[in-house]
Amino acid sequence: MREPHSRFGFASRRVFIFLTRLRARDWAQRSGSVEKVAYESETAPGTGSMFDQIRTDTFAIGTNNEVTFESSIADGRSGLFSDSGGLLHAIALTDTPASDSGDATISNIVRWTANDLGQVAFMAQLDGPGFPDVIFATDRNGVLHRIIGQGDTIEVAPGDLGQIEFLNFMGLDGSFGMSGTNVTSGFDNDGQIAFSATLMDGDFNDTSGVFVTTVPEPSLDGDYNHDGIVDAAD
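Residues numbered from 1 in each chain as written. Predicted model: local features only at pLDDT ≥ 70, side-chain atom pairs only at ≥ 80, totals over all residues. Heavy atoms only, no water.

### As for unusual backbone geometry
In this structure, D95 is a non-glycine residue whose phi angle is positive, near 60 degrees. With respect to the secondary-structure elements, D95 resides in the loop between β9 (87-93) and β10 (105-114). The phi dihedral of F131 is positive, around 45 degrees, even though this residue is not glycine. For F131, a relative accessible area of 46% puts it in the partly exposed group. (Helix = DSSP H or I, 4+ residues; strand = E, 2+ residues; numbered from the N terminus. Buried < 20%, exposed > 50% of the residue type's maximum accessible area, 1.4 Å probe, protein only.)

### Structural notes on the sheet that holds strand β15 (residues 160-169)
Ordered in space as β14-β15-β16-β17, the four strands form an open sheet in which the pairing is antiparallel. Of all the strands in the sheet, just β14 (153-157) and β17 (206-214) have a single pairing partner and so form its edges. Strand-to-strand, the axes of this sheet are offset by a mean angle of 50 degrees, without reference to chain direction. Relative to β15, β14 runs antiparallel, the two sharing four bridges. Looking across to β15, one finds that T153 is bridged to Q163. (Pairing = 2+ DSSP bridges. Axes fitted to C-alpha atoms, helices over the stretch in contact; angles between N-to-C directions.)

### Overview of the pairing of strand β12 (residues 133-138)
Of all six residues in β12, six are buried, a share of seventy percent or more. Note that strand β11 (residues 120-127) and β12 share five bridges and pair antiparallel. In the strand pairing of β12, A124 is matched with V134. The hairpin formed by β11 and β12 contains five residues between the paired strands, and G130 there has a positive phi angle of roughly 80 degrees. Inspection of the sheet shows β12 paired to strand β13 (residues 144-149) by five bridges, in the antiparallel sense. Pairing of F136 across the sheet is with R146, part of β13. In textbook terms, the turn of a hairpin is the stretch between consecutive antiparallel strands, and for β12 and β13 this stretch comprises five residues, one of which, G142, has a positive phi near 85 degrees.

Written as structure tokens, this is what we have:
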């Protein structure tokens, strides 16, 4: 008998997520069997608290069966979570320090997306001076990096710098972008992130544009200065 309050989302390689509105469950089908990914009232990894409401309108599945989803947590926070190889982990949590952002914490995850490789990119508002919007993304090893944010500068031409006043990013939040699919996305399989920004120059003139940047390559063991070479400078 078909459950009347269920929603189904399908992707390639017979991978899918099953969610029920009565008590939400995230499931993935791998190698012909259905496996649980996450379940409301279970402990959310990295939090010590339970999943509260798993969002049923925003999720992604990669070609290697990585399942990424967003959920609120019983302690009042919310976060992005990913299952890779049966291991569920938190990618980002609100009210926790933001990667490469000093003492600033994540106040709100505005929108996010994932590419086919299971890498995740998202824009978040930080709880810091000016409450800036910042884009973060994971590299191929799952390490989270700060990519770019309000207040940063972009060189639009040799010697011509502009400071980011407003920032936008295409994600899966159900409004700016396509809900429940990464057909429309600001993040591709080469680790490139497309974003729009309004820049303010030294004369306080505003100029808007679309830009592309790339997520850093994973660091080598011992490459502490992240220059891609393990040497005496590390």
